[in-house]
Every structure is written in structure tokens, then in C-alpha cells.
Amino acid sequence: MLKAAKNFIKSFTMAPKEPVFIHRVKIVNLPAHEIGSVKKLLQTFDLHRFKKAPKWEYAYMNFETEEAARAAMAKLQGVEFKKRVLSAEYSKVSEQVFRTRFETKKKSLEAVVDDSRAPAEKLADQVTPLHKVPYAEQIAKKHKLGFRYLNTLRKKVNALPELSDEGKAQIAWTNTLKDMDVELLDTIQSPLVNGYRTKCEFTIGRDLSGKKTVGFLLGLYRDGVTAVLNPDDCLHVSEKAKQVAKAMENYVNESEYDVYDRVEKLGVWRSIMTKTQRTGDIMVLIQMNTTDLTNDQVEQEKQKLICYWNKLKDQGQINTTTLMLQVWNGASNGITDKGTTEVLTGDGYVYEELLGCKFRISSNAFFQVNTPATELLYSKCAEWCNTNKKTTLLDLCCGTGTIGITMAKSVDRVVGIEMISEAIVDAKANALLNNITNAEYYASKVEEKIDIVVREKNESVIAVLDPPRNGVHTSVIRAVRESEQIEKVIFISCDVKQAMPNLIGLCRPTSNRFKGMPFKPSRAVSIDLFPHTDHCEMMIEFVRLK
Ligand SMILES: C[S@@+](CC[C@H](N)C(=O)[O-])C[C@H]1O[C@@H](n2cnc3c(N)ncnc32)[C@H](O)[C@@H]1O
């Protein structure tokens with residue numbers, strides 16, 4: 001949406017109506033695509049905002065006055081560009097027509113994805129696709145999947161080409177299912193099946209009837225869906241998070257500012273993130289677009305938000321631990337580190353407890369979202385690490401240090417490596433918070449630090465590798481293999497399919513590229529951190545071949 005149109009529509013929605021027109025210039029005879037070079041060309045004429053789809057051989061510019069539009073036309077008329085001669089056409093569109101066109105486009109897009117399901121059911125199918133499946137069946141399904149992943153790993157390693165006899169001997173365990181000899185434990189169920197998510201991100205928008213709503217998008221934005229539905233019927237969302245979403249919905253319904261419209265790129269209220277911990281701590285982070293607000297208006301709004309959430313606290317309704325505001329005027333949706341985040345109340349942290357340890361969580365830190373199931377995961381991990389006072393525990397991709405800290409008291413030392421330096425600040429603070437004195441943390445890529453760390457002492461070394469959903473770069477796996485002291489790797493993955501190249505990398509025979517002896521899976525278990533969804537955490541123990 002062009003600025004002139006934006007300002008115009010803003011004046012329409014926020015102030016008494018006046019008959020206003022948008023003055024449009026259509027630039028004709030442009031080449032298809034070439035958006036970057038069109039932008040550069042227009043910039044040379046001091047023209048900065050235009051709309052052009054890649055396939056269009058034209059572009060639109062909107063102006064607040066006819067005079068400004070005609071001045072732009074004069075600059076562009078007859079200009080030679082990419083062996084074409086440009087021309088410009090003027091038109092005057094009433095705001096009504098302009099707005100209706102957007103509405104019609106939005107409605108037709110929504111009609112495409114319409115089906116016979118009630119909106120709440122459609123949303124439940126989308127965010128919790130297994131919600132109609134009894135929990136025991138969900139667990140059986142996830143268990144089967146765990147088996148399938150292990151078998152896929154076996155087959156893929158077995159199918160590696162051009163292996164020497166020595167290489168074939170190193171992967172002899174992959175020859176048959178029986179040779180594999182991996183124990184797959186019973187899938188561990190989540191102690192909390194409903195309302196388990198401690199972190200939720202809601203969109204602030206409009207529901208199908210146009211009412212301002214805080215909830216989830218009823219489909220994908222890229223499919224043209226912009227309608228939002230409240231999370232009332234979403235099984236995985238906690239009652240506290242629903243209450244926060246409702247409170248925000250009430251706030252935006254009273255607000256003089258509109259909800260953000262992604263199509264028109266207009267409006268103020270965009271998203272809200274909640275962290276509702278088992279400790280009772282609540283983080284509320286509200287995201288707003290301030291493009292069309294003055295600094296004074298933004299400051300006033302901050303004060304209003306503080307008063308509103310403090311009042312809810314005083315009334316005993318929502319006991320917010322920390323309230324934060326993120327200003328984000330960019331195109332991408334959702335809470336983002338690219339926005340400017342400010343703490344309005346509290347200290348910007350919430351706290352969670354895991355296995356008797358306390359953890360500080362900042363707004364952008366990764367923290368498992370199902371607290372009681374995470375405790376089962378970490379307990380099992382500690383059991384498999386089978387550590388003693390001579391163990392060095394490498395917490396690779398350690399985030400805020402949770403895994404290492406919960407095990408620190410039973411090992412000689414913990415070494416945590418994590419590439420996000422803010423997470424390392426949290427990890428150090430968390431170690432201090434729990435009186436852990438035998439943990440050291442490095443803000444670095446694992447592959448760049450692991451060799452220095454491992455060679456410091458010569459004792460038994462066990463690595464826990466808990467990478468992001470899509471796994472880690474191959475260089476991490478190669479570095480782990482080359483660190484000969486590592487006897488065992490506990491690999492934790494929330495998406496084994498995506499992490500499969502990492503698992504193959506650990507197991508493939510020794511080569512110039514993958515040095516060091518390979519690993520072999522010895523046991524595995526799935527832990528259901530995400531009931532009612534297709535996701536599941538899987539932990540696989542890999543032991544080094546001798
Ligand atoms: C799933 S999180 C795990 C965090 C932590 N283990 C926990 O449970 O709280 C994955 C982490 O891996 C980190 N990461 C990804 N690639 C990395 C690399 N090459 N070196 C160090 N850290 C990495 C990410 O920054 C992220 O914090």
C-alpha cells in the first residue's frame with residue numbers, strides 16, 4: 001500500500017470522514033520482473049513508493065494530490081528504460097472504491113479456502129491435527145514413527161556408495177534390522193495432555209465477521225487467509241494464555257487504533273506473545289506497528305498499556321510478571337528480533353523450574369514449551385549419560401544452559417557451547433542462579449570451539465547435542481567425530497526427518513571428509529512434548545565404535 005493511500009485510509013478510519021481521492025499514476029511499458037531496477041530508476045526521479053507485481057508490465061504510484069501525480073508523470077513520460085519507452089496515465093480513485101477493492105480481494109481469497117467445517121474445527125485441525133485421535137493412539141502413532149526413523153537411518157547408511165571393506169565393516173550393523181540392535185523404549189507420554197504450551201504467539205486481526213480478535217490465523221497468509229479466530233477451542237493453549245489473549249482483545253476493541261492489516265499494511269496492533277510458566281510467571285509481549293503514529297502517540301500508548309495490565313494485576317485477574325512492547329514496522333509477520341523491544345514493567349524475564357533448578361527466560365530465548373514433559377526428557381537424558389565425577393559433559397547448542405545445569409552436580413564439569421551470545425548470557429546467569437560452579441560457557445559455533453574444549457582435560461567426555469529443528473551444519477557433526485574423546489552422543493531432535501543428514505553423518509564410515517571413528521545408535525526413545533500435534537521429541541544415544 002502506498003503512503004498516500006495509507007494516510008488517506010488512516011484519516012478515514014481515525015477521523016471524521018471527508019470526501020478524499022487517491023491520485024494514481026500508472027507507469028506503462030515496463031519490463032516484466034525487474035522490480036529492483038524499476039525501483040532504482042524511480043529513485044533517480046525521487047519517486048520512492050510504487051506497486052508492481054513481477055509479471056506486470058506496469059506499476060502504480062499513489063499520490064495525495066493531483067498536482068503531485070502530474071509532476072511525477074512529467075518526469076516519467078517518454079523515459080527510455082531497458083529498450084522501452086515509458087508512458088504514464090493518470091486516474092482519480094475515490095477512497096471508497098480503493099478500499100472496497102481490497103475488501104473484495106480479501107473476501108475472495110478467504111472464500112477459496114472456505115470449507116464446510118466450522119471455523120473452530122478448522123483451526124483445531126490446523127494447530128492440533130490429532131485432536132480427534134485418542135491420546136493412546138497418538139502415542140502409538142508416534143512410537144511407530146520413531147521405529148520408522150531408525151529404520152530409515154539404517155537403510156540410508158547401508159546404501160552409502162563406494163565403501164571400502166573397512167567402511168563396510170564399520171556399518172555392518174546396518175545390514176539387517178536384527179544387526180541394528182537398537183533398543184526403542186516405549187514412547188514417554190506427556191504428563192499434561194491439554195493446555196501444556198508455555199509459549200504462544202497470537203495474531204491480532206479480525207475474525208470472519210470483521211470483529212477485532214486475538215488468536216490464530218485461520219490458515220496460511222500466503223494462501224490469502226487473513227481471518228483470525230480466538231484460541232478458546234485450542235487444546236494445547238493454556239487457560240492463562242487464553243485469558244491473556246482475551247484481555248488483549250478487549251484492549252484493542254477499546255483502542256482508538258486499528259488492528260494491523262497485512263494486505264493494506266495499515267493499523268497498529270500486530271501480535272502478542274505470551275510465556276505462561278508453571279511457576280506462575282507471565283510474560284506478555286505486544287507487537288505494534290508505529291508507522292503512522294507520532295512519538296507522543298507511541299509514548300501515550302505505552303502508558304495506557306502499563307495502566308491496563310497493572311489494573312488487571314491489581315484486580316487479581318492476570319498477574320503479569322513482565323510486560324514488553326515490540327515496535328516492528330517491517331513486512332514479516334510475528335514477533336521478531338529485528339523489531340525494537342522495550343520492557344514496560346518487570347525486568348523482561350520470567351522464571352521456570354526444571355528438576356529442582358531455576359531458569360531465567362528472556363523474550364527471545366529458546367525454552368522447551370512443555371515443562372513437565374521436558375523434565376521427563378532431561379531425566380532420561382541424565383540416565384543415559386550415566387555420568388560420574390570424572391565426566392565432562394558437553395552441552396552442545398546449549399541455549400540457556402538447561403540440560404547441562406540440571407546435570408552439573410553429577411559431573412566433573414559442564415562445557416556449554418551456543419552461537420547466540422544472548423543465550424550464553426542467560427546460561428551464565430542460570431548457572432549462577434543455581435549455584436553451579438563447574439560450568440563454563442562459550443558463545444561460539446560448536447564447530448569452532450569443540451576441539452579447544454575437549455583437549456583441555458583427558459577424561460570421559462559425553463556430548464548432548466540438541467540442535468534446532470532442521471539440525472546443525474555438517475561441520476558440527478564432523479567436529480564431533482574428530483573429537484576422539486567423545487565416547488557417546490545423545491542426540492535430541494524435534495524433527496528427526498529434518499535432522500536425518502546429521503544422524504547419517506554421525507554413523508557413516510570414516511573418510512577424508514568425515515574423520516574419526518563413526519558412531520552407532522544403541523537406544524532411542526520418543527518423548528511426547530507436543531500432544532495433539534504431529535510433532536514429537538526423539539532422543540537417540542550414539543556410542544562410538546571402537
Ligand atoms: C533446540 S535449541 C536447544 C537449546 C537448549 N539445548 C535447550 O534445550 O534449551 C537449539 C540451539 O542450537 C543453537 N545452534 C544452532 N547451530 C549451532 C552451532 N553451529 N553452534 C552453536 N549453537 C548452535 C541455536 O542457536 C539454538 O539455541
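Since we're looking at a predicted model, the values are computed, not measured.

About the cut-offs
Residues numbered from 1 in each chain as written. Predicted model: local features only at pLDDT ≥ 70, side-chain atom pairs only at ≥ 80, totals over all residues. Heavy atoms only, no water. Pairing = 2+ DSSP bridges. Helix = DSSP H or I, 4+ residues; strand = E, 2+ residues; numbered from the N terminus. Axes fitted to C-alpha atoms, helices over the stretch in contact; angles between N-to-C directions. Contact = heavy atoms within 4.5 Å. Core = buried A, V, L, I, M, F, W, Y, C linked by side-chain atoms within 4.5 Å. Buried < 20%, exposed > 50% of the residue type's maximum accessible area, 1.4 Å probe, protein only. UniProt positions renumbered as here; feature names shortened; annotations may be inferred. Parallel < 35°, antiparallel > 145°, perpendicular 65-115°, else oblique. Left-handed = near helix turned anticlockwise from the far one by under 90°. Near = heavy atom within 4 Å. Polar contact = N/O pair within 3.5 Å; in protein donor to acceptor, adjacent residues only side chain to side chain. Areas by Shrake-Rupley, 256 points an atom, 1.4 Å probe, with all protein chains shown as cover. Nonpolar A, V, L, I, M, F, W, Y, C, P; charged D, E, K, R; others polar.

Draft legend 1. Spotlight on the sheet that holds strand 1 (residues 21–28). On the basis of which strands lie adjacent, the open sheet formed by 3 strands has the order 2-1-5 and antiparallel pairing. Each end of this open sheet is capped by a strand with a single partner; those strands are strand 2 (58–63) and strand 5 (87–94). Taken pair by pair, the neighbouring strands of this sheet meet at an average axis angle of 25 degrees, ignoring direction. Of the strand pairs in this sheet, strand 1 and strand 2 are connected by 6 bridges, and their pairing is antiparallel. Its bridge partner lying in strand 2, Val25 is registered against Met61. Its contacts with the sheet place helix 3 (residues 66–76) against strand 1, strand 2 and strand 5, and it is angled at close to 165 degrees to strand 5.

Draft legend 2. Main features of the nonpolar core. The biggest cluster of nonpolar side chains holds 44 residues, and the ones touching the most others in it are Cys381, Val464 and Met539. Setting aside residues no more than four positions away along its own chain, Cys381 makes contact with Ile403, Met407, Val464, Ile490, Ile492 and Met539. Of all hydrophobic cores here, the second largest spans 41 residues; its members include Leu150, Val453, Leu465 and Ala499.

Draft legend 3. Examining the UniProt feature "active site" (unreviewed entry) in the chain more closely. Residues annotated by UniProt as "active site" (unreviewed entry) correspond here to Cys494. Inspection of the secondary structure puts Cys494 in the loop between strand 20 (486–493) and helix 16 (496–507). Ignoring any residue separated from it by four or fewer positions in sequence, one finds Cys494 in contact with Arg469, Phe530, Cys536 and Glu537.

Draft legend 4. Region of interest: the packing of helix 9 (residues 239–254) against helix 10 (residues 295–314). Put simply, helix 9 and helix 10 touch, their axes get as near as 12 Å, and they point 135 degrees apart. In terms of their interaxial angle, helix 9 and helix 10 are classed as oblique. Here helix 9 and helix 10 pass one another in a crossing that is right-handed. Between helix 9 and helix 10, the residues in contact are Val244, Ala247, Met248, Asn250 and Tyr251 and Glu301, Lys304, Leu305, Tyr308, Trp309 and Leu312, respectively.

Draft legend 5. Here's a closer look at the site of the ligand. Surrounding the ligand, one finds 19 residues, the nearest of these being Tyr378, Cys397, Glu418, Val446 and Asp466. Residue Cys397 places a main-chain N or O atom 3.1 Å away from a nitrogen atom belonging to the ligand. Interatomic distance of 3.3 Å between a side-chain N/O atom of Thr402 and an oxygen atom of the ligand. Calculation on the ligand without its partners gives an accessible area of 600 Å², and the protein chains cover 91% of this total. Of all the secondary-structure elements, those providing two or more residues to the shell around the ligand are helix 12 (402–407) and helix 14 (446–455). Partitioning the shell around the ligand into residue classes produces 12 nonpolar, 3 polar and 4 charged.

Draft legend 6. Structural context of the packing of helix 15 (residues 474–482) against helix 16. Running from amino to carboxyl end, helix 15 crosses helix 16 at an angle of 25 degrees, the nearest separation of the two axes being 9 Å. If you check the angle between helix 15 and helix 16, you find them roughly parallel. Regarding helix 15 and helix 16, the two cross each other, and that crossing is right-handed. Of helix 16, the residues touching helix 15 (which contributes Ile477, Val480 and Arg481) are Asn502, Gly505, Leu506 and Cys507. Grouping the constituent residues of the contact of helix 15 with helix 16 by class yields 4 nonpolar, 2 polar and 1 charged.

Draft legend 7. Structural context of the sheet that holds strand 8 (residues 212–217). Taken together, the 7 strands give an open sheet; going across it, the order is 9-8-7-10-11-12-13, and neighbouring strands pair in mixed fashion. Among the strands making up the open sheet, the edge pair consists of strand 9 (228–229) and strand 13 (340–345). Here 4 bridges tie strand 7 (residues 199–206) to strand 8, and the two strands are oriented antiparallel to one another. The residue of strand 8 that forms the bridge with Ile204 is Val214. Docked against the sheet, helix 10 engages strand 10 (269–276), strand 11 (282–288), strand 12 (322–327) and strand 13, running at close to 45 degrees with respect to strand 13.

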